[in-house]
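# Fold and contact review
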Amino acid sequence: MMNSKKVKGIIKFSITKGIQNKWFIILNIFILLATLVTTNINSIDEFLKNHNINLFDEEFQIEVVDNENIGFEQIEKEFEDTPNVEIKKVEENTYTKDTITDTVIVIEIGKDEETIIKGSIISKESLNAEIYEKIYTSIEEIRAEEFSKKYNISLDELKIMNEEINIERIMLAVDADNYETKEMIKYLSTIAIYIVSIIVFSKISNDVAQEKVSKSIEYVLTSVSEKEYLFAKIASIILTVLLQGVYCIMYYIVGTTINSLITVAQIQSGETINLLELVSNIDTEIVLYILTIVLYGVLTLVLLGIIQAALSSKTTSMTEASDTMTLLTMITLFAYMITLFMITPETKMSLLIYILACIPLLSNYFIPAIMIIGQATPILFVISLFNNSCLISL
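Description of the structure in this document. (Residues numbered from 1 in each chain as written. Predicted model: local features only at pLDDT ≥ 70, side-chain atom pairs only at ≥ 80, totals over all residues. Heavy atoms only, no water.)

## Some words on the pattern of salt bridges
- Summed over all chains, the structure comprises 4 salt bridges.
- When the shortest N-O distance is used, the salt bridge between glutamate 113 and lysine 150 registers 4.0 Å. Of this pair, glutamate 113 sits in the loop between β3 (104-112) and β4 (116-122) while lysine 150 sits in helix α5 (residues 129-151), and the two are 37 residues apart along the sequence.
- Residue class for glutamate 113 comes out exposed when judged on its relative accessible area of 67%.
- Using a relative accessible area of 43% as the deciding quantity, one classes lysine 150 as partly exposed.
- Linking glutamate 146 and lysine 149 is a salt bridge whose minimum nitrogen-to-oxygen distance equals 4.0 Å. Taken together, the positions of glutamate 146 and lysine 149, both in helix α5 and 3 residues apart, correspond to about one turn of that helix.
- On the accessibility criterion, glutamate 146 (11% relative accessible area) is buried.
- Through salt bridges with shared partners, a single network forms among Glu145, Glu146 and Lys149. (Salt bridge = Lys/Arg side-chain N within 4 Å of Asp/Glu carboxyl O. Helix = DSSP H or I, 4+ residues; strand = E, 2+ residues; numbered from the N terminus. Buried < 20%, exposed > 50% of the residue type's maximum accessible area, 1.4 Å probe, protein only.)

This is the structure in structure tokens:
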């Protein structure tokens, strides 16, 4: 019979000790500030621009060598709404690697018999992605116009020819609604779980190894059993990490709320925000998918935490404890890679995939992936959750 009162006491003590650590507090202050800045970066950028404070954008000077007069006006038009960019036409490029500066860009364009247009973009080092994209787009427009003139084809016809063919892929037995959104959520959640797993593995292996070396655990085990202490240690570490996750969500909510208040303040009079309509537009499938990922993520963390603690208890040094953490990390990465190769909308589901999805550790990645393509069944959830629960209770 588990001594629940003392186990709860150990969990409470460990969590309190963890969150009162000065580094935990410093980390949360940093995360809070970083979240506030990132969620309100557009408002901050706009405020600075309105007050003529330039922190994010450099002043660029674009010099265009267009001796055949085929594209300077197009480039100038492309950048007419771009601040901090000055464009002028020159006869030739006079810069070398020693004389060109970080804010100078030289564009050379001319006609070519084979490719219609030839061009060069010259700078000291790499370019701002937005500026490069605008230059590339303008040169594409110049090329299209010259091609149209040479072969007597209208620009509209040429645009149609250059567009990708719209082929709709329909699989009647697969429900892949919101595929891209779910795939993005799966990708981000996998990274999050992977990072959290490393933190949990590291904390458990270090704590168990240190207590074995210091013998401090012997005093604790006089009042609770080894199994109870192990459970309390794992639970406290995972709860501390989950608590950190809750803090991060709260910081994000605060940041987005501030951003929303700023947006509402900028809305013109007469315009309203229908909150009921916003809530009604929330996709229930996406919410269910996120809840499923959280559920399997927590179960997997608990299971991996138990395995990590069991392995660490068999080690005799900090180095061996670290090796066990590396082993489990590689196992989780291997499980994720299997999912990538075995489950896609184009893959025909098989009995083997369903069996693998019911195996603990693998189910954390397989179930969300199967949900994306709409092939998850209630019995699959029941069996996989039952297997996870049974393995954890052992």
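Back to the text.
## Observations concerning unusual backbone geometry
- The phi dihedral of asparagine 69 falls on the positive side, at around 55°, and the residue is not glycine.
- Unlike most non-glycine residues, asparagine 152 shows phi in positive territory, near 55°.
- Residue classification places asparagine 152 among the exposed positions, given a relative accessible area of 72%.

## A short note on empty space enclosed by the protein
- On inspection of all chains with the given rule, the structure shows 2 cavities of 30 Å³ or more.
- If you add up the space inside the largest cavity, you get close to 70 Å³.
- As for the largest cavity, its lining consists of Lys186, Ser189, Thr190, Ile193, Ile293, Tyr296, Gly297, Asn364, Tyr365 and Pro368.
- Those elements that provide at least two residues to the lining of the largest cavity are α7 (179-214), α11 (284-313) and α14 (363-372).
- For the lining of the largest cavity, the element with the highest residue contribution is α7, accounting for 4 residues.
- Taken together, the residues that form the lining of the largest cavity break down as 5 nonpolar, 4 polar and 1 charged.
- When its volume is computed, the second largest cavity comes out at roughly 40 Å³. (1 Å grid on protein atoms, 1.4 Å probe; cavity = no way out; pocket = protein on both sides within 12 Å on 5 of 7 lines; lining within 4 Å. Points joined across faces, edges and corners; volume = space filled by probe spheres on them. Nonpolar A, V, L, I, M, F, W, Y, C, P; charged D, E, K, R; others polar.)

## Quick look at the sheet that holds strand β1 (residues 60-65)
- With mixed pairing, the 4 strands of this open sheet are ordered in space as β2-β1-β3-β4. At either margin of the open sheet sits one strand with a lone partner, and together these are β2 (85-90) and β4. Strand after strand, the sheet turns through a mean of 20° between neighbouring axes, direction not considered.
- Pairing of β1 with β2 involves 6 bridges; the strand directions are parallel. Within β2, the position partnered with glutamine 61 by the bridge is glutamate 86.
- On the sheet, α5 packs against β1, β2, β3 and β4 and is oriented at approximately 165° with respect to β4. (Pairing = 2+ DSSP bridges. Axes fitted to C-alpha atoms, helices over the stretch in contact; angles between N-to-C directions. Contact = heavy atoms within 4.5 Å.)

## A few points about the side chain of glutamine 244
- Within the secondary structure layout, glutamine 244 lies in helix α9 (residues 226-266).
- For glutamine 244, a relative accessible area of 12% puts it in the buried group.
- Setting aside chain neighbours within four positions, we find glutamine 244 in contact with Phe24, Leu27, Asn28 and Ile31.

Worth remembering: the numbers are spatial, not functional.
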